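Letter by letter, the chains look like this.
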Amino acid sequence: MADIDLALVAAFINQNIDSFHENRIAKIQELQLREVIKRKNPYLFRAKNIETGQQLLTALVDAFVSSSEETLFGGFLESVAIYVCQLAYGGQKSSSTGIDLDFTRDGVRYLVTIKSSPSWGNSSQYQALETNFKNALRVLRQSSHTGALQAVLGMCFGKSRDSDTGVYLKKHGQSFWTFVSGSSRLYLDIVEPLGYEALERNVRYETEKQATIKRLAQQFVPEFCDAGGYIDWAKLVKYNSGNLRESILP
C-alpha cells in the first residue's frame, strides 16, 4: 500500500482551490445577456411562473453557473487525483488523446480517464472514450512496452461497484480515490481542505453574481419587459426561438 503525506495533499488543495473560485468568478463576470437568453429554455421559466426580469435573470444565471461549475470543479478534482497518484505511484499526466493519467502499480500500467460525475456523458461520448482507450492501448502494445495494460474510467463520486466493460474498468467514489492513492480513507481526507477559506471566497462570488444580475437586468428590462417591469414573453420567446420570416408565417 502506498504511503502518502496528507499534509502535502492538503497543501496542494489549499494552493490550487483558488483557481476554481477565480474561474467561477470570471465566468460570471464574462456573462453576456444574449448568451444566457439563447442558451436556456424560455418555456421552462414561463411554466415556473417567473414574471419579472430580475426573477428570470437570477434563475438564468443560477442555471448557467450550475452547469459551468460542474465542469470547472471537475477539472480541479482531476488535478488533485493526478497529484495524489504522483505522490503514491509516480503517476503523471498522460499525453494520449482523451487519457488523463498514466501510472504503473504492481506490474500493471494503468491508463486512466477521470470524470467528476457518474452521469458525465451520453452514448456518443462513451463511444469516443472507448475509442480513445483502444487507440492508446494499441499504440503501447505496438511499442517496446510488453507489460500488462489496463484502461480505467474513474469517477470522483458515486457508490456503484467496480465493473468491467471488456475494454476498461469503471471505478466510482471511494474505490477510485483508493485506486489512485492507496488509501481507503482519502475520499474522506480531502473533504476538509476543500473548504479552505470557502466562506470568504463565496462572499466575493455572491457579490460578483449580484453585480452581474444587476448589469444584465439593465439591458434586459428595456428590451424584454413592459412598462410595469413584467416580461413580454412573446417578445422574449420570439428572440430565443423565432427563425422564420414573418411574411411566410400563417
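Scroll up for the structure.
Just so you know, these numbers come straight off a predicted model, no measurement behind them.

Calculation notes
Residues numbered from 1 in each chain as written. Predicted model: local features only at pLDDT ≥ 70, side-chain atom pairs only at ≥ 80, totals over all residues. Heavy atoms only, no water. Helix = DSSP H or I, 4+ residues; strand = E, 2+ residues; numbered from the N terminus. Expected span 1.5 Å × (residues − 1). Bend = angle between axes of the 7 residues up to and from the residue. Contact = heavy atoms within 4.5 Å. Polar contact = N/O pair within 3.5 Å; in protein donor to acceptor, adjacent residues only side chain to side chain. 1 Å grid on protein atoms, 1.4 Å probe; cavity = no way out; pocket = protein on both sides within 12 Å on 5 of 7 lines; lining within 4 Å. Points joined across faces, edges and corners; volume = space filled by probe spheres on them. Nonpolar A, V, L, I, M, F, W, Y, C, P; charged D, E, K, R; others polar. Axes fitted to C-alpha atoms, helices over the stretch in contact; angles between N-to-C directions. Parallel < 35°, antiparallel > 145°, perpendicular 65-115°, else oblique. Left-handed = near helix turned anticlockwise from the far one by under 90°. Core = buried A, V, L, I, M, F, W, Y, C linked by side-chain atoms within 4.5 Å. Buried < 20%, exposed > 50% of the residue type's maximum accessible area, 1.4 Å probe, protein only. Salt bridge = Lys/Arg side-chain N within 4 Å of Asp/Glu carboxyl O.

## Overview of helix H1 (residues 6–30)
In step 1: Here H1 spans 36 Å end to end across 25 residues, near enough to the 36 Å set by a 1.5 Å rise per residue.
In step 2: The largest bend along H1 measures about 30 degrees and falls at Gln-15.
In step 3: In this structure, the buried side of H1 is in contact with helix H4 (53–89), helix H8 (191–194) and helix H9 (198–224).
In step 4: Capping the start of H1 is the job of one residue whose side-chain oxygen sits 2.9 Å from the backbone nitrogen of Ala-7: Asp-5.

## Focus: empty space enclosed by the protein
One way to see where empty space is left: roll a probe the size of a water molecule over the atoms.
In step 1: Scanning the entire structure with this criterion turns up one cavity of 30 Å³ or more.
In step 2: The volume enclosed by the largest cavity comes to roughly 60 Å³.
In step 3: Taken together, Ile-37, Lys-40, Pro-42, Phe-45, Leu-56, Leu-60, Leu-236 and Asn-240 make up the lining of the largest cavity.
In step 4: Counted by class, the lining of the largest cavity contains six nonpolar, one polar and one charged residues.

## Quick word on the packing of H4 against H9
In step 1: For the pair H4 and H9, interaxial distance at closest approach is 9 Å and the crossing angle is 130 degrees. Accordingly, the angle class assigned to the pair H4 and H9 is oblique. In the packing of H4 onto H9, the handedness of the crossing is right-handed. In this structure, H4 uses Gly-53, Gln-54, Leu-56, Leu-57, Thr-58, Val-61, Asp-62, Val-65 and Glu-69 to contact H9, whose residues at the interface are Tyr-205, Lys-209, Ile-213, Leu-216, Ala-217 and Phe-220.
In step 2: Among the residues forming the contact of H4 with H9, the class breakdown is nine nonpolar, three polar and three charged.

## Things to note about the environment of Val-180
In step 1: Summarising the element assignment, Val-180 is placed in helix H6 (residues 173–181).
In step 2: Between the alpha carbons of Val-180 and Arg-201 there is a distance of 29 Å; along the sequence they are 21 residues apart.
In step 3: Residues within four places of Val-180 in sequence aside, it is in contact with Ala-81, Val-84, Cys-85, Ala-88, Tyr-89 and Leu-101.

## Structural notes on the packing of H4 against H6
In step 1: It is at 7 Å that the axes of H4 and H6 come closest, and there the two elements cross at 40 degrees. Considered as vectors, H4 and H6 are oriented oblique to each other. Contacts between H4 and H6 involve Leu-77, Val-80, Ala-81, Val-84, Cys-85, Ala-88 and Tyr-89 from the former and Phe-176, Trp-177, Phe-179, Val-180 and Ser-181 from the latter.
In step 2: For the contact of H4 with H6, a count of residues per class yields 11 nonpolar, one polar and no charged.

## A closer look at the nonpolar core
One recurring pattern in soluble globular proteins is that nonpolar side chains are buried together.
In step 1: By size, the foremost hydrophobic cluster in this structure holds 29 residues, and its most contacted members are Leu-101, Val-112, Ile-114, Phe-176, Trp-177, Phe-179 and Val-180.
In step 2: Contributing elements (two or more residues each) for this core: H1, H4, strand S2 (101–105), strand S3 (108–115) and H6.
In step 3: With nine residues, the single largest contributor to this core is H4.
In step 4: Not counting residues up to four positions away in its chain, the partners in contact with Phe-176 are Ala-81, Val-112, Ile-114, Gly-154, Met-155, Cys-156 and Lys-171.
In step 5: Ile-25, Phe-45, Phe-64 and Leu-236 belong to the second largest nonpolar core, which has 26 residues in total.

## Thoughts on the environment of Phe-73
In step 1: For Phe-73, the location among the structural elements is in helix H4.
In step 2: Here Phe-73 falls in the partly exposed class, since its relative accessible area comes to 25%.
In step 3: Residues Phe-73 and His-21, spaced 52 residues apart in sequence, show a C-alpha to C-alpha distance of 9.1 Å.
In step 4: Residues within four places of Phe-73 in sequence aside, it is in contact with Ile-17, Phe-20 and Leu-194.

## Topic: the pattern of salt bridges
In step 1: Summed over all chains, the structure comprises 14 salt bridges.
In step 2: Across the salt bridge formed by Asp-18 and Arg-201, the nearest N and O atoms sit 3.3 Å from each other. Of the two residues, Asp-18 sits in helix H1 while Arg-201 sits in helix H9, which places them 183 residues apart along the sequence.
In step 3: Using a relative accessible area of 12% as the deciding quantity, one classes Arg-201 as buried.
In step 4: In this structure, a network of salt bridges that share partners links the residues Asp-62, Glu-206 and Lys-209.

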